[in-house]
Every structure is written in structure tokens, then in C-alpha cells.
Amino acid sequence: MPRTTKAADETVFRLLSNYTPVPGVPDELMDSQGSVRSVWQNFLSHLSQHDPHTLEQMFARGDAYLRNSGVFLRQYTENRAIERPWPLSHMPVLIDGAEWDDISGALKQRADLLEMIVADLYGENRLVADGALPGQLIAQSSEWIRPLVGIKPRGGHFLNFIAFEISRGPDGTWWVLNDRTQAPSGAGYALETRVATSRIFAEHYATAQVHRLAGFFAEFRAALLNMRTQPDSHVAILTPGPFSETYFEQSYIARYLGLLLVEGEDLTIQQGQVFVRTVSGLQPVDVLWRRLDTLYADPLELDETSQIGTAGLVGSVRRGMISVVNALGAGILESRALLAFMPRISRKLTGEALRMPNIATWWCGQPAERSHVLSRLENMLIAPALSTRQIFDPDESSIVGSQLRKQGVDFARRLIDTEGDLLVGQEAISFSTSPAWVNGKLVPRPMSLRVFMVRTPAGWSVMPGGFARIGEEIDTNVFSMQAGSSVADVWIVSDKPVDTTTLLTTGQARDPRPKKGALPSQAAENLFWLARYMERAESFTRLARARHDRLAEAASPQSPLLVYLTRYTSQIGLDTQASIPPSLAATIHAALRAAGSVRDRLSPDGWAAIVQLNDRLDDALEQDVAPGDGAAREMGVLLRQSSAFTGLLKDNMYQFTEWRFLSIGRSVERLMALSSALSCFLASEAPQGSLDLALEYADSSISHRRRYGFQATLHSVAELTVLDELNPRSLIFHLCELEAHMHPLVDVMRSADSEALRRTCRDSRKTFQSLQPEDIDPAYLVAFRTKVANISDDLTRIFFS
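About the thresholds
- Residues numbered from 1 in each chain as written.
- Predicted model: local features only at pLDDT ≥ 70, side-chain atom pairs only at ≥ 80, totals over all residues.
- Heavy atoms only, no water.
- Helix = DSSP H or I, 4+ residues; strand = E, 2+ residues; numbered from the N terminus.
- Rg over C-alpha atoms; globule rule 2.2 N^0.38 Å.
- Contact = heavy atoms within 4.5 Å.
- Areas by Shrake-Rupley, 256 points an atom, 1.4 Å probe, with all protein chains shown as cover.
- Buried < 20%, exposed > 50% of the residue type's maximum accessible area, 1.4 Å probe, protein only.
- Pairing = 2+ DSSP bridges.
- Patch = residues over 30% accessible without salt bridge, like charges linked within 9 Å, V, L, I, M, F, W, Y side chains within 5 Å.
- Salt bridge = Lys/Arg side-chain N within 4 Å of Asp/Glu carboxyl O.
- Lys, Arg positive; Asp, Glu negative; His and termini not counted.
- Charge placed at Lys NZ, Arg CZ, Asp CG, Glu CD.
- Polar contact = N/O pair within 3.5 Å; in protein donor to acceptor, adjacent residues only side chain to side chain.
- Phe/Tyr/Trp six-rings, centres within 6.5 Å; stacked < 30°, edge-to-face > 60°.
- Core = buried A, V, L, I, M, F, W, Y, C linked by side-chain atoms within 4.5 Å.
- Axes fitted to C-alpha atoms, helices over the stretch in contact; angles between N-to-C directions.
- Parallel < 35°, antiparallel > 145°, perpendicular 65-115°, else oblique.
- Left-handed = near helix turned anticlockwise from the far one by under 90°.
- Nonpolar A, V, L, I, M, F, W, Y, C, P; charged D, E, K, R; others polar.
- Expected span 1.5 Å × (residues − 1).
- pLDDT = per-residue confidence, 0-100.

A. Representation of the overall build of the chain. Each helix and strand in the chain was counted, giving 27 helices and 20 strands. Against the 2.2 N^0.38 benchmark of 28 Å for 801 residues, the chain shows a C-alpha radius of gyration of 31 Å, consistent with a compact globule. Considering only contacts in the chain between residues 6 or more positions apart, those separated by 24 or more positions represent 73%. Counting only carbon and sulfur atoms, one obtains 48% of the accessible surface of the chain, whose full area is about 33,300 Å².

The following block contains the structure:
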């Protein structure tokens, strides 16, 4: 039974009854004597005031926040990528503020050392020349980028935002597991994890003197803005795209910091200057926070197969026209073999020992080190020397000593003797543990901590916390959220009152107003097509529901109206004979992909709504829904869910450029779909019931009854669905909408082509206003649909190309 302090009451004692640290493994909650660390005592007292059922309800609050905020974990299976609830470990990791100061100081020293190393590797290369680093380790690494040798970053520093993975060693001191300098991820996850955890323990957190995170993000934002050379230029986050495993975090942090989120094809280089393609033309980008690896950043000078980079970016860096965070080529610092030389390099460059050592590492390309590794295989992990993967990554291609021993010493010797220069030996470690709530009990679980740092004018600033990876099992050395690990908030607890600011401040940089038209063309196109796909899905759903309703009512599936409707849906590619038409499913899936590409511009509720629609569709596809009444009911559910998403977008989005392209896409698709359907249902050869079908499809049956009575005529249906400007389901209504939204976009673009497009929309609207119901016939409607399709093509060419 663990010993608690004298102040601990009986409830705390019961809370800890199942908590047994692993012998010889450091624990965050208890010290080596089995006593509760002082930093945990107030939190445990608060925790012990709640029974397990109440605690589960509290944890559900945090889970609900993450779910409602759209925080998910993207998991990849053989067939598709799926999103699972964010794996929050509800117990925070608590660290004393004084201890954190020591950690911060040691990591600042390491950050400065890494800056000196990367500056040397791309500069004078004295470390290799003086024998402090083997030249072959650098030359053979794919992360050492030859075209960047001799190029100094415009701002003077290679590193501006870095992270470290740390854990406690066997003696309880902290050590570095990995340096993350390429494109560190997780800062946004740390922020969302903090918000969720603070909601779980809201009463305690308010008075717990836990350092807040907002100040760090304010400093980071200010640092990025202050790197600009032109005050009106953009700071952008360069993302690999929506299929990136951490795309949610990238879109979240872009929204939180108020920065542009761009993909490689959003950017273009002209005379060395980086521009972002926007709906109002090219706008300059002065600072790029890249979230993709260096090799993929420029297909012109780096990896020619890259489809996510920007041709000419290296040239722009070479000419000092852009600041990149972190500098291209900084990933060389993540090479595993470099850890073996860090103590020596520190003494050489700074005259000091590392204040926080890294995990003991030996490069097997040296005789003495190779012999040492071979003599201690039972305590070693053998791994690729040039790997940049994290030590606990399950995908890391490593060989544990016990596996080598099964093959015999001769096998191990042959492997290391023949491939020693490509291998390192690292001390096998057991991670320190921290409390986790498992099956209603507080138990220890292995933990590693990611710490983030940003360079400011005053030096390095350390995020007061970060996030901890929590292993699923007590004996695991693998931390993968894909494989069941979770993430915990990290509380740095002070013995003094802390700044409780929770909102971003502007820092030292002027907070720029949003620029008109500062919407990347690709984002605008995705918003346009998101609206079109959703409107198309609604159109398909209404048609499919209409057919299944009539199938349930008809005496024969060969009734004239059913045959006529089936012929029309087949012409437009909608197989309504299937309970869930394949083209409907494809359209909803396409809408989800488009939404994923602009996730930073959608509200959490909006994103949750389209995910729920997609989930409902997938569930329906797996079920054997019967044609007729059952399929009609399922169509009704999908229709209501798609309408909910469309309504959230229309009513909740800030009515700026993004909203206009959504509205234009919706109007374009409705004009094309409605004119096509009416050309069929208003035709002279249409069977009895087609006019009622037209009203149902246009969701105008109630309006028709109020204005015209129950009896639908060709005149009344044409007047209501085509020419009534007060009917939001009519053609003229959406022509007016299209023209209204086009005006401000053309004012921003100010080109001859955009002016011509505005005139086309205006002339089409005027023509419609001069029509009478008897002027509406199928031929006119078909020609009108073609005209709208041409408007869509012109809009794409003008604003998205």
C-alpha cells in the first residue's frame, strides 16, 4: 500500500489503494519512498471528493467538448481513413513550477546548441572538419539538403519553433528522447487538450495556480508577425493537405492564430517573391510556417515527385525573399545518430556539459562504440542511424536486443559488423509513469512529455506544459494513438498566483485587419464545390425519396409516373432503383472531402454535422434497406441532416468572402438542377402527377396551396418555381442571389473578365424578370441550364485558376 502524507485523509488513501508504481521506474505521482509528491496533494484532495460515477460524468464533459469542437483522431485502415474520438487521458500530469524552470533552462541550452549545429552544417562545416561529427553521417542523410548549403535564413536563425520529447531516466532526472526540428506537430492538440481537461476539473483548475498556455501562443503569433518585412504581407501555415494525419491541428491552429492555411499549389513564385493565389489576385507571403518535410517543399530543386510543394521555394529562400519556420533542411537535427555526439559537441561549442542529457546512444560505425554495443546487446535497442522517427514509434524499424540473441551472437556481430555505419545502439529504457484513470481506478501508466518552444526577441520561450503521451499498458514502450495510446494535459503548478489570461493578445505585433479577397483560390474553389455537392445531394435525395414514396403507393412499379421519373433519374446519373443510390453516396463523400479541405473555415458544429451525415450514410449503406417506404424514410433522414449542415453554413459563417462562394455554389447548383428537373416535369408529354412532383421536388407544395389552392396547373407551377422572387426555391430568386454575391467579388477582382461575368448575371436576371409563365417551356429551361453551366465555368476560370 502506498504511503501518503500526514495531511492526506481517508478518501485520498482509498483513491490510491490501487496505485502501485513499478519498482525501479520513476513515477510522477509518488517519489521513490512511496510518498505523494507535494504538487499532487491539492489535486488528489479535489479528486477524492467525487465518487467514481461523478468522476465519469466529469470526464464525459471533457469528451463532449472535444467531440463538439470537432477534435478527432484520424486513423488509416486498409480501405479508408476514419475519424475517431480524440483519445483524451482525463488525468493531467502535474509538474512543480520550480522543477519546470530547471527543465526549461536545460531545453533552452539544448535549443541554442541545435541552432549552432545546424548553422555549422549549412555553413562552415567545422564540426565535420574537426572530427566532432562523422562526415558520412551527414552526407548520407536525406535530411541534409545540398542545395541549401551556404544559405543563411533571412531572419538570421534556422530554428524558430521546436519541440522535445522528454521522459525521466531511472534515477528520476529528465532526459531527451528526441529533438523535433523538422515540422513539430502537437501545439494545437496541447491547447485543445488543456481546454477539455480544464472543463473536467473546472472548480479546481480555477484556483490551482496552473500556468496558462495563451501567453505562449500570443508570443508565437507575435514572433511570426514580426518576422515580416512588409506589414501588409501574409503569414501562412504551409500544410501537406487534408489527408495529413495532423490536418485537424493545422487547421485549428490557423484559425486560433488568425493565419492563412495554404497548400503548396496555393503558392506561386514570381521573381523570387512568394505569392498566394487568392480570389482577388496574387498577394505576397512573407513568412511560411511549414508543416511538411523539407524534401517535399520544392519539386524543382528537391524531390521532383512531390505534389504538395511549391516549385521555386528554395530559390526564394536563397534570395532572402521569404522566412521559413523552421528553415528548410533543419530536419537533419532529428537524425538519431546525432544523439551520440551531442555531449561532445556541447563541450566543443559551448564549453558546457548538457544540462539535460539525451538517451545514451552509440554509433556503430566506430570500433569502440561498436564493441560496446555488441557487449551489451541485452540492454540495447538497435536502430537505423539516419532515422528521424521517434524512439517509441511503432513503425520504427528497430531490432530489440532479445530478438538478436535468439539468432545468436554471430548473427548480431555480422549485422553490426557489415552495417555498423548505418546503425546505432541505444540504451533500452523504461518510461516513467503517471496516473491514468482505467476501469474506475487510478493506476500508473508509462508517459513521455512533448515540450514546445518558440524563439522571441528576448530568446526562447517555453510553453508552460505541453502534452503527455500515455501508454495503454503498464509495460509498453510504444506510444501510438493509432494503437491505443492517449494524450494527457500537463499542468505546471506554481506556488504563486499565475496570469489567468486565456485569450490571445496581440503581443508586440500590430493585429492586421483581414484583407479583402484574402481567400486562397483553392479554398474558395473547395467552398464553392462543397456548396454544390451539398445542394446536389439534396436534389438527389429528394428525387430518390419521391420515387420510393410513389413506389410504396403505386399498384405497379410500371405506372406511367414511376416509369417517367425513373427514366429522368437515369438520364442524370441517379440510379433510384437502388435503395441508396451510388451517385448520392459519391456526392456526399465528395462533400466531406471538400469540407475537410477547408476545415479551418468551418465551425465545429458545421464539421460535426457533415461528419454525422457521412456516418449516417455509411450506416445506411451497410444495412439492407428495403425499396419503397423504408428507403423513403431513410432518404428523409439524410435530407434533414444535409439541410442541417447547409443551414449551419448559411446562418453561422461570417458573411465575408468564404460565405459568398458558398452561396454562389449553392445557387449555381440549384439553378442547374431545378431547371433540368422542371424541363422534364413541365413537358407536355409528362404523365399525370408530374406537376405535383415538380412542386414536391422544389419544396414548394405548401406555398402553392396557400397561393393557388390544391390544383396544380402548368401556369401556377411555372410562376411559383421559376418567376416568383419571394420563393427561395425559384429560379429567379437564385438568379438574384447569384448577382448580389457576384457584385462584391467583382469589385475586389476588378478585371475585364469579372466585369463581363457580372453583366451576364445581370442580363440573365433582367431577362427572367420580363418573362411570363406561358414563356416557360422545356427548351427554354434546357438552354437556361446551359447558360448557368457556362457561368460556372467562367467563375472557375476567373477566380480559381
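Let's pick the thread back up.
B. Representation of the pairing of strand S4 (residues 161-168) within the structure. Of all eight residues in S4, eight are buried; the element is thus mostly enclosed. In S4, alternate side chains face the same way, and those of Phe-161, Ala-163, Glu-165 and Ser-167 on one face and Ile-162, Phe-164, Ile-166 and Arg-168 on the other are all buried. In this structure, S4 lies alongside strand S5 (residues 174-180), joined through six bridges in antiparallel fashion. When the bridges of S5 are listed, Arg-168 appears paired with Trp-174. Between S4 and the antiparallel strand that follows it, S5, lie five residues; Gly-172 among them carries a positive phi value of about 95 degrees.

C. Inspection of a negative patch on the surface at higher detail. Taken together, the side chains of Asp-96, Asp-101, Asp-102 and Asp-495 define an acidic patch exposed on the protein surface. Tracing the chain through its elements places Asp-101 in helix H4 (residues 97-121). Asp-101 sits in the exposed class, given a relative accessible area of 53%.

D. Region of the structure containing the pattern of salt bridges. Counted under the stated rule, the structure contains 34 salt bridges. Across the pair Glu-669 and Arg-532 runs a salt bridge whose closest N-O atoms are separated by 2.7 Å. Taken together, the positions of Glu-669 in helix H21 (residues 657-681) and Arg-532 in helix H16 (residues 521-553) put the pair 137 residues apart, joining distant regions of the chain. On the accessibility criterion, Arg-532 (5% relative accessible area) is buried. One salt bridge in this structure joins Glu-538 and Arg-670, with 4.0 Å as the shortest N-O distance. Pair noted here: Glu-538 is in helix H16 and Arg-670 is in helix H21, with a separation of 132 residues, a long-range link. When its relative accessible area of 5% is taken as the criterion, Glu-538 is described as buried. Relative accessible area serves as the criterion here: at 6%, Arg-670 is assigned to the buried category.

E. View of the side chain of Gln-250. Mapped onto the elements, Gln-250 comes out in helix H10 (residues 247-257). At 3.3 Å, the side chain of Gln-250 forms a polar contact with the side chain of Ser-244.

F. Broad picture of the packing of aromatic side chains. Under the counting rule described, the total for this entry stands at 28 aromatic pairs. Ring centres of Tyr-189 and Phe-248 lie 6.1 Å apart, and the angle between their planes is 25 degrees; this geometry places the pair in the stacked category. Of this pair, Tyr-189 sits in helix H7 (residues 187-200) while Phe-248 sits in helix H10; the two residues are 59 residues apart in sequence, bridging distant segments of the chain. With relative accessibility at 7%, the residue Tyr-189 sits in the buried group. Relative accessible area serves as the criterion here: at 6%, Phe-248 is assigned to the buried category.

G. Just the nonpolar core, in detail. Within the largest apolar cluster, 89 residues are counted, with the highest numbers of intra-cluster contacts made by Leu-530, Phe-661, Phe-681, Met-742, Phe-768, Leu-795 and Phe-799. The leading source of residues in this core is H21, at 13 residues. Not counting chain neighbours up to four residues away, the residues in contact with Phe-661 comprise Val-279, Leu-519, Ala-524, Leu-527, Phe-528, Leu-745, Leu-795, Phe-799 and Phe-800.

H. Quick peek at unusual backbone geometry. Following Val-325, the chain continues into Asn-326 via a peptide bond in cis, with omega recorded as -15 degrees. Here Asn-326 is to be found in the loop between strand S11 (323-325) and helix H12 (342-350). Even without a glycine there, the phi angle at Asn-125 is positive, about 60 degrees. Note that Asn-125 resides in the loop between H4 and helix H5 (126-129). Residue Asn-125 is classed as partly exposed on the basis of its relative accessible area of 23%.

I. How the structure looks around the packing of helix H23 (residues 701-708) against helix H24 (residues 714-723). Following both chains from N to C, one finds H23 and H24 inclined at 120 degrees, their axes separated by 11 Å at the closest point. Here H23 lies oblique to H24, going by the angle between them. In this structure, the crossing between H23 and H24 has a hand that is right-handed. Along the contact surface, H23 presents Ser-703, His-704 and Tyr-708, while H24 presents Ser-716, Val-717, Glu-719 and Leu-720. A per-class count over the contact of H23 with H24 returns three nonpolar, three polar and one charged.

J. Structural detail: the environment of Ser-770. With respect to the helices, strands and loops of the structure, Ser-770 is situated in the loop between helix H26 (752-769) and helix H27 (778-800). With 174 residues separating them in the primary sequence, Ser-770 and Gly-596 have C-alpha atoms 42 Å apart.

K. Inspection of the side chain of Ser-792 at higher detail. With respect to the helices, strands and loops of the structure, Ser-792 is situated in helix H27. Given the relative accessible area of 3%, Ser-792 is considered buried.

L. Representation of helix H18 (residues 582-597). With 16 residues, H18 extends 23 Å between its outermost C-alpha atoms, agreeing within 8% with the 22 Å of an ideal straight helix rising 1.5 Å per residue. Among all positions in H18, only Ser-583, Leu-584, Ala-585, Thr-587, Ile-588, Ala-590, Ala-591, Ala-594, Ala-595, Gly-596 and Ser-597 are buried. Buried residues along H18 sit in contact with H10, H16, helix H19 (604-622) and helix H20 (629-652).

M. The packing of H21 against helix H25 (residues 731-749), seen in detail. Relative orientation of the contacting elements H21 and H25 amounts to 150 degrees, with a least axis distance of 9 Å. By the angle class used here, H21 and H25 are roughly antiparallel. Between H21 and H25 lies a crossing of left-handed hand. The residue makeup of the contact of H21 with H25, split by class, is 12 nonpolar, six polar and four charged.

N. Main features of the confidence of the model for the chain. Across the chain, the average pLDDT comes to 89, with 91% of residues at 70 or higher. Within the model, the stretch residues 1-8 combines pLDDT values under 50 with 16 contacts to residues more than four positions away or in other chains. Here residues 503-513 is modelled with pLDDT under 50, and outside its nearest four sequence neighbours on either side it reaches 25 contacts, counting other chains as well.

O. Spatial organisation of helix H3 (residues 52-68). Its 17 residues give H3 an end-to-end C-alpha distance of 24 Å, which sits within 8% of 24 Å, the value for a rise of 1.5 Å per residue. The opening residue of H3 is Asp-51, an N-cap whose side-chain oxygen sits 3.0 Å from the backbone nitrogen of His-53. Once H3 finishes, Gly-70 follows within two positions and takes phi at roughly 80 degrees, a positive value.

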